[in-house]
Each structure stands twice: as C-alpha cells, then as structure tokens.
Amino acid sequence: MKAMVYVVKRNGGWQARATIDHEVDRRFWMDGSFGGAGMLNEHPAESAWLWREELPLGIACRTAERWEERCGGHADGPRMGGLKGDERDALRMLAACVDEAKREAESGGKTGAAGWRRMLAGWRRRLAGWAGRSEAIEASGVSLERLAEQWGREGAMSDAELGRLAAGAKLAADAMRGRALLRGEAHALLDGAGGPGADGSWSGTLQLAALLGRVRLSGAVAAGSGGRRCKRCGSGEAALRRTACAACGRICAYCIACIGMGRSRECELLVTGLHDGMKGGAAQLPPVRQRLDGWKLSPAQTAAAGKALRYVEARPHAAAHAPIRNFLLWAVTGAGKTEMIFPLVESVLLRGGRALIATPRRDVVIELDPRIRKAFPDASVVTLYGGSEQRWEIGDITLSTTHQLLRFQGGFDLVIIDELDAFPYHGDPILHYAADKCCAPGAARLLLSATPPRELQRAARSGRLPHARVPVRYHRHPLPVPKLLSTPAVAQMLQKRRLPAKLLAAMRHSLQRDAQLFVFVQKIAQSEPMAALLQATLRQSAVAATSSQDEERSDKVQRFRARDIRVLVTTTILERGVTIPRSDVYILDADGRLFDEASLVQMAGRAGRSSDDPFGRVYFCGRERNRAQVAAVRHIQTMNRIARKQGYLLPADQGGSAR
Amino acid sequence: MKHMSSPSPTAWLRRLRTAFAASAQLLAPRAEACLICGKPQAGPRSAASPNDPKLPAGLRDQACGACLSAIPWISRIQCPKCGRAVRCEDCARSPHRAFVCNRSAVRYDPTMRALLAQYKYRGNEQLAPLLGDMLLPPFEALTASLHESAPAARRGKRQKLRIADRWDAVTYVPVSRERALDRGFNQAEQLAAHLARRYGIPLMHLLVRARHTEKQSFKTRAERIKDTRQLFAVDRAEVARLHSLRQDASKTSDLSREACRILLVDDIYTTGSTAEACSLTLGRHIDFSHEIYVLTWARS
C-alpha cells in the first residue's frame, strides 16, 4: 500500500511523520477535538505541511525514521524538539529524507545484474529529480505548494463521524493489544470486534490509534540492523524475494518463510498493538505455600512448582527493555507437568496479566484445552492453531501452537513453552523468534520438557539457567526401564513376513496381561505393512496403523484409548502427548537414524503412566545397541536414582517397587 | 530460400532475444527445494526427476519428480473448441465463440487448486516461473497445430525459433485496480509475460478492466449480461501499437497469413465466459483482421 508523510511544528520544532490516512492526522494536529470523545491532543500544532507525493509504505515509514535520526522530533524521543526553522527549512529536510529513503530502498537489494540496472536507473532518475526539487524548494512559497500543501484548521468530518472514529480507535487499540498483524488480519480482527467504524474503512481508525501511541504502524518487511528483515518472522535476506508490486508501484520484497500465514512484504502494513503489562505486584498475593496447597500436587510437583513460582514472582516491576527471564522445568514423562503450571498461571491471572501456553504440536494444544478450562473455570481461554475458530479472540489464558505466536508481539506476562524439544519448534529459528517476540518486557518464560536439548541441560547444570527437576511420576513409581531385544530390521521382517520368536513371545505376553501395545516404526510407509503382519502373526484383529499423514489419526487414538484397537503401529508422531492407561511400548528399529535419545525416552514414556498399572514394559528392538539406546536407558535410570535418593518414590509397603 | 537468408532486422533481434532467453535459462540456478512440496531436492538432474523429454527443462529444475508426476496434464483433447479432456456439452450447445479455441495445460484437480492458491491467493510469486513453464507444452502444441503455409524445410530443428513468427502478440485477462492494489500482481499478466519473454513475442496490455461498482446480485439477468459485456475495455494506445507492429511485420516479413494472431492468457478456464467477454471486447475495437486464441493454465 501507499502512505504519505508530513511535517508538523510544535513548541517551535518540526517533526516528520508517516500516515495511512492524512485527514485523521490533520484533525489531530490542527484541532485535536474528536466530537463526543473530546480533546485527544492537548498540544495542537502551530503549522503543518503534507508532502503531496504518495510513497510506498516502507519508504514513507523510513522517511520519518530518517528525520528522527537526523533531527530528533517525537515528543517522547531522545532528542526532543525537532528541527528549528521555517517551513522552507522543514520541507527541504523532508525532501532530503524522502530522497534518502528512496535511495536506500533501491540499493538495498542484492547487487545482481538486475540490482545494478535498478541502481543505475535510480541514479539517473535522482539526478533529474534533484535538480528539479531543490530548485522548487529554493524558489518562492508558490513552488513549495507544488511539493507540499499546508494544512488548514477546517476538516471535512462531522462531529458524529469524529466521535465514531475516536471510539473505533480505542476499540482497535484494545483489540490489538500485544498482537502483530498484517493489514488483512487486523481488518478481520477489527471486523470481528465490531463497534463503530465497521464500515470497512479501518485506515483512519488505526491511524488515530497510532497517533494516540497505542499501536505502531510499519512495513511488514523493513530495513533493520544487517539488511532487510521480515518483522513478523525475523527472516533475513535469504528468505526475501523481490517482485514488481502493483500495490506500491516498485520492486518490493516479500517473505517466503512465513507466507503460509499471509504474505508479509515491504509495502504491506504491519500493525503492532502495545500491551500495558501487569498492574498488580506479587506482594498482595496469598503466601506461596497456601496457593500451592490448593492444587493438590505430589511432593515432587510441589517442590518444583514452588521453586518456579518464586522465580516467576521475584520481580516487582518490569522495565521497558527488560530481558526475558527463562526457567527450565525438567520433568520426566508422566510427571504431571500440566498440573505444575496451574499455580504459575494462577499467579499471573491474580496480578491482572496474560498467560500463554504454547507447544509445537497441534494435537497437544487440542488435548490441553479441556484441562485448562476445567482448572480455570472463571478465566477466558482462547485456543489457537491453524484453522481455529477463536483466531481473533482475546483471553486471560491463550493456548497456542508455536506457529500462531508469529501473530503476537510483547503480549504475554507469562509464557510457557511445553515440549520445547519437539518438532517443529526445535531447530526452527522462526519459531524461536516468535517465542521471544510474544513475551512482554521482563516476562517470565517457563521451558518444559522431559528431554531438554543438550545446550539447555548444560546451561541448567552450570547454573546459568534457573531450573527445577522433577525426577518422578505423579504416581510415585519409578519409570519403566527399557529392555533391549536383538531383532532383525523391520524391512527384513516385512520381507520374510515373519516376526522373531522373542518379540512375538513378548507381545503375546503383553496381550495376555491385557495391555495396549504401542509399536513404533521409523518410516510411515512401514506402518501399514507392519500392522498387517502383526494382525496375521498375533491372530489379533484389533490392529491399526497411523501416521502424520493419516487423517483419521485422532479418531484412531480415541479408539486405541477406548481399547477398540489393541495394537497401534505408529511413528514418532505419537511419541509424546498421548496418555493411554495400561500400555506397553515396542520400539522397532530402535537403532535407526530417526530415533535419538530424546525420542527413545519419550516413546518409552508412553508406558506405565497410570497408577493402576505403573509397571508397563518397554522394549528397544534392533539389530544392534547403539549410543542413543544406551543413553536413553541411562537417562531413565538416572532419573529413577535421583527420585529414590530424594525420597520421592513410594515405599515398598505402599505398593512401591522393592528395587 | 531467399527470404531465409535475409530476414528483417526486427525478426533477427527477436530470434536473438529468444536464443538468449533459452541460454540464460540453462545458466539459471536450480532451486534448492522443490517449489511445490518444499522438500530439499537431490543432486542436479537426479534420477528421481523423470527424464520425460516432453517436460520443459525449467520445470524439472524447479520441482521434484514426485510432484512433477502428479501434474494432471491434459494430453488428450476431447473438445477441439475449449480444450477439455472430456467431451464437452457446453461447446456443443454454443459452438460459436469470439475466440478460435482454448487450450489448457492441466486439469483443475485438488492438487492444482492448492498450487494455484499458493501462488494467486497466498502470493507466493516465486511459483510464477513454474506455472509459466507449465504453459509451454500446450502452447507449443497449439502453435504446431496452426495451419501455416510454411515450407516443409522450415520445420524440424529450427521450429522452436519459429514460434515467435507465428504470433503477433500475447495479451492477458486484466484485473481491476482494487484487486491489483490488494494482491500486488496479476497472475494472468505474469504468465503471459513469461511466455512472451520465453519466445520473444510482444507482450501487449490490450485490455483493461472497466470499473464496476454495483454488486452482481443486485442486477437483473439482462443487466448482468450487459454488464459482463462491459466488464472489459481496450487500451487504445496498445491497440494502435499492435496495428503498427502488424503493418511493419506484413511489409517486411515473409508471413503469408492474413489475420493478426493474438494469444489471450488466463489462469483458469471454467465456462469460458471471461475469455468470451475479452475476445468480444477486442473484436469490437480492433478494426483489422485478427484471430484470438486462448491459453489457460487449468481447465476446470
């Protein structure tokens, strides 16, 4: 889209600004009253000139930034006052800033053949333009008016219109709090919020909200340190593509990295809403002990949650650029992580803040939803994932996939990232950028995992990362330790249509003890044939296969839970987030490339999760025992040892294991 | 053979440009990932990509073998008028169209629908060359089927270079100004520009979309039909340019055809009403002999 720039004189100094609806700016600066909403600007301008030329949005914003860099200007800026002088000085400076912004935009591209051509053309145009422009500025006031027009005090809008506009701006600012949305998304959000101004023209509303300092308007792709970046997903030049753009009339860059969530480009508007942060301090809250007791946690859960809670509440206030405060909660599979976050969420809600629980997996988000709603019946809960119907709603608690975090900025006082080592979050710089961006200044961020990435483990061990470890499951029985079975590769079993005797015997035993069988394979393509082979060999009809490409996955998991399916062949897609009582786990090709230590620990963590059957069985089946398997077994044994040492395991006379 | 040795300077230039475009394509970097499925591509021209000689080389570089083999090409045309792969009752009912015929590259199945959505609605413009390359096979087939009174000697090896000689202009279905502002590009224009560049045929911006403000649903049937007829207008300057180009060409070149041959490009052909409206508009405003062929990416 296009935008305009203007200069406005206040307290004897000139400042420059960009606008997407200059009529609103004229009213704001030259009069300040908005009908029923009353006076919105206590310090009207002495004089103002609008630059006549419509500019691509990015160039208009950059012009205002250049002015800021050269002359200071905004009342809240570091260099108050702005440019001194008459309107001719101001317009000459504005012309220079516009020129610089244009030049930067042209030279910012890669210098391939096309880049050089563009640059040459730009220089040629500039040479011609410069002559004309400086002449015009040097000349009399009449010529000035060719470049810019002076704003009068009279406006075209009625009092009723102005009142509606002001009410709409307030509504828009409230709805936009903590969000970062592209123009189309912002319009959809505001259309949903309803209220005045819903006639389809939101530019004026957003512009007024920006003048009032409640939202920020900018290009979605803009120059920053180290070249152009997508301001929504943080991607740099490598993810930017430049095309001729009919919307702004120049070659303009768009971002291919986050295009799945709408196109972010240089001349596309990015609307960022400012979030005020928490009002209440931790001082007025009831004592930690008392609050923790209300959640009925196990001793290990209480200890970890208490430590996290004290950390989260430690800070009395947050400065504007305070860093994110990370806390690692390292809890074994089945430790009851969700219950442990309840007191933390409660703390933030009591202080009037907003909490976010994000996880890479959509399945996990959907499974968390009812549990959170049940725990916080009075709070508004918004659940976000691709295609969610609550897309534009605001809640006290937001449950979200990590992808949806791209649409937030500085919006949450507590951010909880669950399963942070899971695909696709782990190793994706865009999602990490999003998880940083969504935190309010000084927000606490809780990182949850049973298998934290190595660098986080190291940081925790060395004391750089505050953390709490929960080495025991909520039912206080030790984690099942995997048994290693030497078997042929899955491909060979499928080829010979035969299962090795040892594996067959173990599986039969599992079925006899009435357990549900998780069978993990490496490849999606192997899941169906393996299910067929198991069906034939075990003489068990209730065998099914599922994978990430199975549309009936959630249905099959339901049937597995309901015991309509007894044996489920699957891939790493079900390695986490699924709890099936009384289940045994078989990991085939456990020596395969795709199963690392974390993945093996997670899959093993599917067994023995209910207190009715805490001693599930886990088998690593493969041709050889590799490092990942050994490390996974050691990981599980270490956790059990710590749990025993800290006295978290049930004593033998209460049904605990004698080992 | 005399005319072969002394072609007009403009024709030479055109050929040179075509040759350059072709060799530039050979030097173009191969996409690291398949543009359709996003998976990283194996080594250069791997065994995975089908060595189908009928596929343009550019396509094989931009997409992986699995995605390429999923493209539902329209290879057997059942309806000679609209280029459908099945027998067509629409054309049987109204055989008289303002254009000669339509040809489409693919059937509009869910995979192609998703691909077009990525490009057109998501705005992933890096797909434009891929979709443009998909137009090459039907375009070359269409060109080959034109009844040209060309000497047999000209066929064969040099046929590719001769494609430009058989067409006077490539044009496209325009979008409204509002749509252009919103989307930032016109997919039909990009596809047309791709073809024009590839073969060195002049790209002409012959049509513009006339502004229409009222919603279709508020109008009677008669009004609607009248409205569709007035949906498009011509750019008179461009028509004049086409006329003078045509006159230059007929003066200097060896072409024996009477009519000015125009290719109209669009992304989808559904009922043919858009192509018909565009062709009618062109027909009303071009006062010299001409024929319009329609080339669309998908036939729904």
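Quantities reported herein were computed from a predicted structural model and do not represent experimental measurements.

Draft legend 1. Looking closely at the overall build of chain B. Within chain B one finds 14 helices and six strands. In chain B, which comprises 300 residues, the proportion classed as buried is 34%. Considering only contacts within chain B whose residues lie at least 6 apart along the sequence, 72% involve residues at least 24 apart.

Draft legend 2. Inspection of helix H20 (residues 627-645) of chain A at higher detail. Residues and elements named next belong to chain A. The end-to-end C-alpha distance of H20 is 26 Å, a good match for the 27 Å that 19 residues give at a rise of 1.5 Å each. If you check which residues of H20 are buried, you get Ala-628, Gln-629, Ala-632, Val-633, Ile-636, Met-639, Asn-640 and Ala-643. Buried residues of H20 fall within an arc of 140° about the axis and therefore sit on the same side. In H20, those exposed residues whose orientation departs by more than 90 degrees from the buried face are Arg-627, Arg-634, Thr-638, Arg-641 and Lys-645. As for H20, its buried residues are in contact with strand S20 (483-486), helix H19 (597-604) and strand S25 (618-622).

Draft legend 3. Representation of the domain arrangement of chain A within the structure. All names here are of chain A. Entries for chain A in the domain assignment read domain 1 (2-273), domain 2 (288-470) and domain 3 (483-654). Taken together, the contact between domain 1 and domain 2 spans 18 residues of the former and 12 residues of the latter. Elements that contribute at least two residues to the side of domain 1 that touches domain 2 include exactly strand S6 (180-182) and helix H7 (183-193). Here the element with the most residues in the side of domain 1 that touches domain 2 is H7; it accounts for four residues. Of the residues in the side of domain 1 that touches domain 2, the class split is nine nonpolar, five polar and four charged.

Draft legend 4. Spatial organisation of the nonpolar core. Ranked by internal contacts, the top residues of the largest apolar core, which has 196 residues, are Leu329(A), Leu414(A), Val519(A) and Ile587(A). If one sorts the elements of this core by residue count, helix H3 (residues 87-107) of chain A sits on top with nine residues. Leu329(A) has contacts with Ala304(A), Ala308(A), Lys337(A), Met340(A), Leu446(A), Leu447(A), Leu448(A) and Ala468(A), leaving out every residue within four places of it along the chain. Membership of the second largest hydrophobic core comes to 61 residues, among which are Tyr119(B), Leu142(B), Trp297(B) and Ala298(B).

Draft legend 5. Focus on the environment of Tyr648(A). Residue and element names in this part refer to chain A. Mapped onto the elements, Tyr-648 comes out in the segment after H20. Tyr-648 gets classed as buried once you count the C-beta atoms within 10 Å, which come to 20. In this structure Tyr-648 touches Pro-299, Ala-300, Pro-471, Val-472, Arg-476 and Ala-643, once residues within four positions along its chain are discounted.

Draft legend 6. Representation of the interface of chain B and chain A within the structure. Each partner contributes to the interface: chain B provides nine residues, whereas chain A provides nine residues. The class makeup of the residues in the side of chain B that touches chain A is three nonpolar, four polar and two charged.

Draft legend 7. Examining the sheet that holds strand S18 (residues 439-449) of chain A more closely. Residue and element names in this part refer to chain A. With parallel pairing, seven strands are arranged side by side in an open sheet as S15-S16-S14-S17-S18-S13-S19. Looking along the sheet, the strands with just one partner apiece sit at the ends: strand S15 (381-384) and strand S19 (467-470). The mean angle between the axes of side-by-side strands here comes to 15°, regardless of whether they run parallel or antiparallel. Bridge count between S15 and strand S16 (residues 397-401): four bridges; the pairing is parallel. Looking across to S16, one finds that Thr-383 is bridged to Leu-399. Set on the sheet, helix H11 (residues 337-350) makes contact with strand S13 (325-331), strand S14 (355-359), S16, strand S17 (412-417) and S18; between it and S17 the angle comes to about 175°.

Draft legend 8. Here's a closer look at the pairing of strand S21 (residues 516-520) of chain A. The element S21(A) is largely enclosed, with a buried count of five among its five residues. Side chains Gln516(A), Phe518(A) and Phe520(A) of S21(A) all project onto a buried face; the interleaved residues Leu517(A) and Val519(A) project onto the opposite face, where all are buried too.

Reading the values: rules and limits
Residues numbered from 1 in each chain as written. Chains lettered and ligands numbered in written order. Predicted model: local features only at pLDDT ≥ 70, side-chain atom pairs only at ≥ 80, totals over all residues. Helix = DSSP H or I, 4+ residues; strand = E, 2+ residues; numbered from the N terminus. Buried ≥ 20, exposed ≤ 12 C-beta atoms within 10 Å, placed from the backbone. Contact = placed C-beta atoms within 7 Å. Expected span 1.5 Å × (residues − 1). Arc of directions from axis to C-beta. Domains from an automatic or database assignment. Nonpolar A, V, L, I, M, F, W, Y, C, P; charged D, E, K, R; others polar. Core = buried A, V, L, I, M, F, W, Y, C linked by C-beta atoms within 7 Å. Pairing = 2+ DSSP bridges. Axes fitted to C-alpha atoms, helices over the stretch in contact; angles between N-to-C directions.

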